[in-house]
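Structure at a glance
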Amino acid sequence: MTKRFKGIAASDGVAIGKVYLFEKTEIILNEENIHESDVEKELNSLNRAIKEYSNELKNRETTTDAEDEVRNAHIELVSDPSLIEMASDKIKNSLQNAELALHTTIQEMASVFEMLDDEYLRERAADYRDIGENIMYKLKGIAPKTLSSLDDDYIIVAEELTPTDTSTMDKDHVLGLVMELGGKTSHSSIIAQTLGIPAVVGMKDIRSNLKNDDFIILDALEGVVIVNPDEKTIADYEAKFASIKANKELAEKYKFEKPVTLDGRSVEVVSNIGGIEDLKLALEDGAEGVGLFRTEFLYMEGNDFPTEEYQFSVYKEAAELLEGKPLIIRTLDIGGDKGLDYFEFPKEENPFLGWRALRIGFDRKDILRTQLRAILRASAFGDVKILLPMIISVQEIQTVQEYIEEFKSELRDEGHDFNENIEVGIMIETPASVFVAEDLIQNCDFFSIGTNDLTQYILAVDRGNEKISHLYDYFNPAVLRAIKQVIDASHKYGKWTGMCGSMASDVQATYLLLGMGLDEFSSVSSKVGLIKSVINNAKLSEAEKFAEKVLSLSQIDDIRVLLKEKDDELHS
Ligand code: PEP
Ligand code: MG
């Protein structure tokens, strides 16, 4: 009987194949205490085990940056003097044997990370446990089970795979990974992403429902595993598989092309980022700039508001990496669903309609000042632009513009360089900003449509509420007509409109948006090549006719039929 299991998608892709249940070598801990006369012997064993493992790490061959990064991080953890000091102390002063001392030290170190709020840092606990486990094998003289040599192609199913397991696995024979534990930002997930191996994590109890060689489908786009799929499901997935493969090839082919339609209309294809690492990936994926730098992450990673110097260093590094390509930095957009550990938010009935984004900035000018000064200073190092979130009135833009002039004057007095003519754009993500778009564009330089919020506010459908998620749809004619109105308003005044909401990453929407006159697509970086492939194979004159037809329809279902037909035609 077919069964479906749901987990968290950790690395994109689809795999069909046989199960390999990976059970780790069990470690039985010797918890006996030692005599004082054995202290020296235990210390020597511990040091030898650490050294052996450290040498093994140094000699391990790696094939990707991510594996190399993990290996180097583990070499650093193993050589951390506090690891040896803490464990030696337990041997000398608590008379623990080397195994027990290592075990308790690793537990203590990992638990410090496990308590952190930041998901990425929390995942680092797994790295500590991983090195602890490997040193333990050396102490016990056990050669652990690995995935380094598989006799056939398999989908690996495990409780959890350590970064060591994923780094050393036989990549030619691993079709996909399924784990009961683990997170999206664990080193194992990151390695799977860079290797392009589909992976799903957090799939509780999957092992007890499987045996070796069971036939399964791993859909790591949806985070689903289908056990014993029927013929029809297999056929559907085979088609999906072929289309993913074809899309990958298309993206590779087009990623470094200039996005120009067959009849000569140039647009920009740029990327959304949350930090420098994202930017590096975006550049590798062919993005020609950054259409949205979500600066919230800079504020979430520390214990206090980031300083002007710190923000400046990050924005400057981004501007320099971009070598003159545009870098659109959005001012802080917290509130709504995004909080900060060190900043108290009032309890609100409707946080999405509450004290968020610039509304906080207007009450706390000091926060806005630090950020705007940092952005202005970075503007001396590239094509930096400012983007303002959640705007609802001309008044708000004018207030920020006044602040910007004030901060420019401070920087001038202090002798800092900056771009005197820095452009300021606004997010279009409220219905108000759609209705008064013509007024707004006369007070700023460009628009960037945030379809994530715009859709929820236009349709009055909470973007995070599962129960009504079927209503949350940017292909709703109300949203489409709002988008068209905004693009037209900007063009009427000789300005441009980009889009940085998720709709810009939806390749089914690309042709339509092109026809509606969108000037800039800011997508997740993995979609850059595909979006360019649609643009470079389109004729603007035909896309415009298509958009006109779509905009005349009043039913979402009819719109979807047209979009699907067009998608099939473009990818046939
Ligand atoms: C949006 O609302 O579409 C957007 C890009 O902003 P965020 O998703 O960060 O709210
Ligand atoms: Mg938004």
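Refer to the structure presented above.
Residues numbered from 1 in each chain as written. Chains lettered and ligands numbered in written order. Predicted model: local features only at pLDDT ≥ 70, side-chain atom pairs only at ≥ 80, totals over all residues. Heavy atoms only, no water.

A few points about the overall build of the protein chain
Heads up, the condition is: Strands here mean DSSP runs of E at least two residues long; helices mean DSSP runs of H or I at least four residues long; both are numbered from the N terminus. Radius of gyration: over C-alpha atoms. The globule rule applied is 2.2 Å multiplied by the number of residues raised to the 0.38 power. Each residue's exposure class comes from its accessible area (1.4 Å probe, protein chains only) as a fraction of the maximum for that residue type: buried when under 20%, exposed when over 50%, partly exposed otherwise. Note on contacts: a residue pair is in contact if any heavy atoms of the two residues lie within 4.5 Å.
Counting secondary structure elements, the protein chain contains 22 helices and 16 strands. Scaling as 2.2 N^0.38, a compact globule of 572 residues should have a C-alpha radius of gyration of about 25 Å, and the protein chain matches this with 27 Å. Overall, the C-alpha framework of the protein chain stretches about 85 × 70 × 45 Å when taken along its three principal axes. Classification of the 572 residues of the protein chain by burial places 51% in the buried group. In the protein chain, the proportion of contacts linking residues at least 24 apart, taken out of those at least 6 apart, comes to 68%.

Some points on the site of ligand 1
How we decide: Put simply, a residue is near a molecule or strand once any heavy atom of it comes within 4 Å of that molecule or strand. Pairs of N or O atoms within 3.5 Å make up the polar contacts considered here, provided that, within protein, one atom can donate a hydrogen while the other can accept it, and that residues adjacent in sequence are counted only when both atoms are side-chain atoms. Asp, Glu, Lys and Arg are counted as charged, while Ala, Val, Leu, Ile, Met, Phe, Trp, Tyr, Cys and Pro are counted as nonpolar; the rest, among them Gly, fall into the polar class.
Taken together, 14 residues surround ligand 1, and among them Arg 294, Arg 330, Gly 450, Asn 452 and Arg 463 come closest. Taking Glu 429, its side chain carries an N or O atom lying 3.0 Å from an oxygen atom of ligand 1. One of the backbone nitrogen or oxygen atoms of Asn 452 is found 2.7 Å away from an oxygen atom of ligand 1. Elements supplying a minimum of two residues to the shell around ligand 1: β10 (290–294) and α17 (451–459). Class assignment for the residues of the shell around ligand 1 results in three nonpolar, four polar and seven charged.

A short note on unusual backbone geometry
Phi at Ala 357 is positive, roughly 50 degrees, even though this residue is not glycine. One non-glycine residue with positive phi stands out, namely Met 390, at about 55 degrees. Assignment of secondary structure puts Met 390 in the loop between β12 (383–388) and α14 (394–414). Owing to a relative accessible area of 3%, Met 390 belongs among the buried residues under this scheme.

As for a negative patch on the surface
The condition that has to hold: Think of a patch as exposed residues, more than 30% relative accessible area, with no salt bridge, where like charges cluster within 9 Å and nonpolar side chains (Val, Leu, Ile, Met, Phe, Trp, Tyr) cluster within 5 Å. Computed with the Shrake-Rupley method and a 1.4 Å probe, the accessible areas treat only the protein chains shown as cover for residues. Definition used for salt bridges: Asp or Glu carboxyl oxygen within 4 Å of a side-chain nitrogen of Lys or Arg. Lys and Arg are tallied as positive, Asp and Glu as negative. Neither His nor the chain termini are counted. Every charge is mapped to an atom, namely NZ of Lys, CZ of Arg, CG of Asp or CD of Glu.
A surface patch of like charges, here negative, comprises Asp 263, Glu 542, Glu 544 and Glu 548. Along the polypeptide, Glu 548 turns up in helix α21 (residues 540–552).

Considerations on the coordination of the magnesium ion (ligand 2)
For clarity, the cut-off: Note on donors: an N, O or S atom is included if it sits within 2.8 Å of the metal, or within 3.2 Å for Na, K and Ca, and water is never included, so sites can look incomplete.
At 2.1 to 2.2 Å from the magnesium ion (ligand 2) lie its protein donor atoms, namely Glu 429 (OE) and Asp 453 (OD). Here the residue Glu 429 occupies a position in the loop between β13 (424–428) and α15 (431–435), and Asp 453 occupies one in helix α17, the gap between them amounting to 24 residues. The residues Glu 429 and Asp 453 share a single accessibility class, namely buried.

Re the sheet that holds strand β14 (residues 446–449)
To be explicit about the condition: By this definition, two strands are paired if DSSP reports at least two bridges between them. The angle between two axes is taken between their N-to-C directions and runs from 0 to 180 degrees, where each axis is a line fitted to C-alpha atoms and a helix contributes only its stretch in contact.
Ordered by their spatial adjacency, eight strands build a closed barrel running β9-β10-β11-β12-β13-β14-β15-β16, and the pairing between neighbours is parallel. Going across the sheet, the axis of each strand differs from the next one's by a mean of 25 degrees, ignoring polarity. Alignment of strand β15 (residues 496–499) against strand β16 (residues 520–523), held across two bridges, turns out to be parallel. Its bridge partner being in β16, Met 499 is matched across the sheet by Phe 521.

Quick notes on the side chain of Glu 520
Residue position: Glu 520 is located in strand β16. Buried and unpaired, Glu 520 has Lys 385 as its nearest opposite-charge partner, separated by 8.2 Å.

With respect to the pattern of salt bridges
If the charged atoms of two oppositely charged side chains come close together, the side chains can form a pair. Under the defined criterion, the tally for this structure stands at 42 salt bridges. Between Asp 214 and Lys 211 there is a salt bridge, with the nearest N and O atoms lying 3.1 Å from each other. Given a relative accessible area of 11%, Asp 214 falls into the buried group. Given the relative accessible area of 53%, Lys 211 is considered exposed. Here Lys 255 and Glu 252 are joined by a salt bridge, their closest N and O atoms 3.3 Å apart. For Glu 252, a relative accessible area of 53% translates into the label exposed. When salt bridges with common partners are traced through the structure, they connect Glu 308, Glu 309, Arg 369, Arg 373, Arg 377, Glu 410 and Glu 414 into a single cluster.

What about the pairing of strand β4 (residues 154–158)?
Put simply, side chains in a regular strand alternate between the two faces of the sheet. Note the following rule: With the strands aimed away from the viewer, a crossover counts as right-handed if its path from the first strand over the helix to the second runs clockwise.
Of all five residues in β4, five are buried; the element is thus mostly enclosed. Burial along β4 is two-sided: the residues Tyr 154, Ile 156 and Ala 158 and Ile 155 and Val 157 are all buried. Sheet analysis places β4 next to strand β5 (residues 174–179), joined by five bridges and oriented parallel. Bridged to Ile 156 within β5 is Leu 177. Taking the sense of rotation as the criterion, the β-α-β connection linking β4, helix α6 (residues 163–168) and β5 turns out right-handed.

Re helix α8 (residues 231–254)
Keep this limit in mind: To estimate how far a helix should extend, the number of its residues minus one is multiplied by 1.5 Å.
Compared with the 34 Å implied by 1.5 Å per residue over 24 residues, the 35 Å span of α8 between its first and last C-alpha is a close match. If you check which residues of α8 are buried, you get Thr 233, Ile 234, Tyr 237, Ala 251 and Tyr 254. Those residues of α8 hidden inside the fold are in contact with β3 (14–22), β7 (215–219), β8 (224–227) and α20 (528–536).

Here's the deal with the environment of Val 486
For Val 486, the location among the structural elements is in helix α18 (residues 477–492). Remark: the alpha-carbon pair of Val 486 and Asn 537, spanning 51 residues in sequence, is separated by 26 Å. Those residues within four positions of Val 486 in sequence are excluded, and the remaining contacts are Ile 428, Val 434, Ala 437, Phe 447, Ile 449 and Thr 497.

Digging into the sheet that holds β3
Read across the sheet, eight strands follow the order β1-β8-β7-β3-β4-β5-β6-β2 without closing on themselves; strand pairing throughout is mixed. Each having just a single partner strand, β1 (3–6) and β2 (8–11) make up the two edges of the open sheet. Ignoring which end each strand starts from, the neighbouring axes of this sheet average 30 degrees apart. For β1 and β8, the ladder comprises four bridges, and the chain directions are antiparallel. Within the sheet, the bridge partner assigned to Lys 3 lies in β8 and is Val 227.

Considerations on the packing of aromatic side chains
For any two aromatic rings, the description comes down to two numbers: the centre-to-centre distance and the angle of the planes. To keep things clear, this is the line we draw: Any two of the Phe, Tyr and Trp rings considered here, Trp counted by its six-membered ring, make a pair once their centres fall within 6.5 Å; the pair's planes then place it as stacked at under 30 degrees, edge-to-face at over 60, or tilted in between. Cation placement over rings: the criterion is NZ of Lys or CZ of Arg within 6 Å of the ring centroid and within 35° of the ring normal.
Under the criterion given, the structure shown has 15 aromatic pairs. Ring geometry for Phe 343 and Phe 345: centres 5.2 Å apart, planes at 85 degrees, overall edge-to-face. Residue classification places Phe 345 among the partly exposed positions, given a relative accessible area of 24%. Their ring planes at 70 degrees and their centres at 5.1 Å tell us that Tyr 474 and Phe 475 sit as a pair that is edge-to-face. Linked through ring pairs, Tyr 299, Phe 305, Tyr 342, Phe 343, Phe 345 and Trp 355 together constitute an aromatic cluster. Just above the ring of Phe 381 sits the side chain of Lys 316; from NZ or CZ to the centre is 4.9 Å. For Lys 566, the ring lying beneath its charged end belongs to Phe 546, and the centroid distance is 5.5 Å.

What about the packing of α18 against α21?
Here is the rule we go by: Throughout this description, any angle smaller than 35 degrees is read as roughly parallel, any larger than 145 degrees as roughly antiparallel, any in the 65 to 115 degree range as roughly perpendicular, and the remainder as oblique. Definitions for this section: a left-handed crossing has its near helix turned counterclockwise from the far helix by less than a right angle. A right-handed crossing has that turn clockwise.
The geometry of α18 relative to α21 is characterised by a closest axis approach of 9 Å and an angle of 135 degrees between their N-to-C directions. Taken together, the axes of α18 and α21 lie oblique to each other. Between α18 and α21 lies a crossing whose hand is left-handed. Contacts between α18 and α21 involve Leu 480, Arg 481 and Lys 484 from the former and Val 550, Leu 551 and Ser 552 from the latter. Broken down by class, the residue content of the contact of α18 with α21 amounts to three nonpolar, one polar and two charged.

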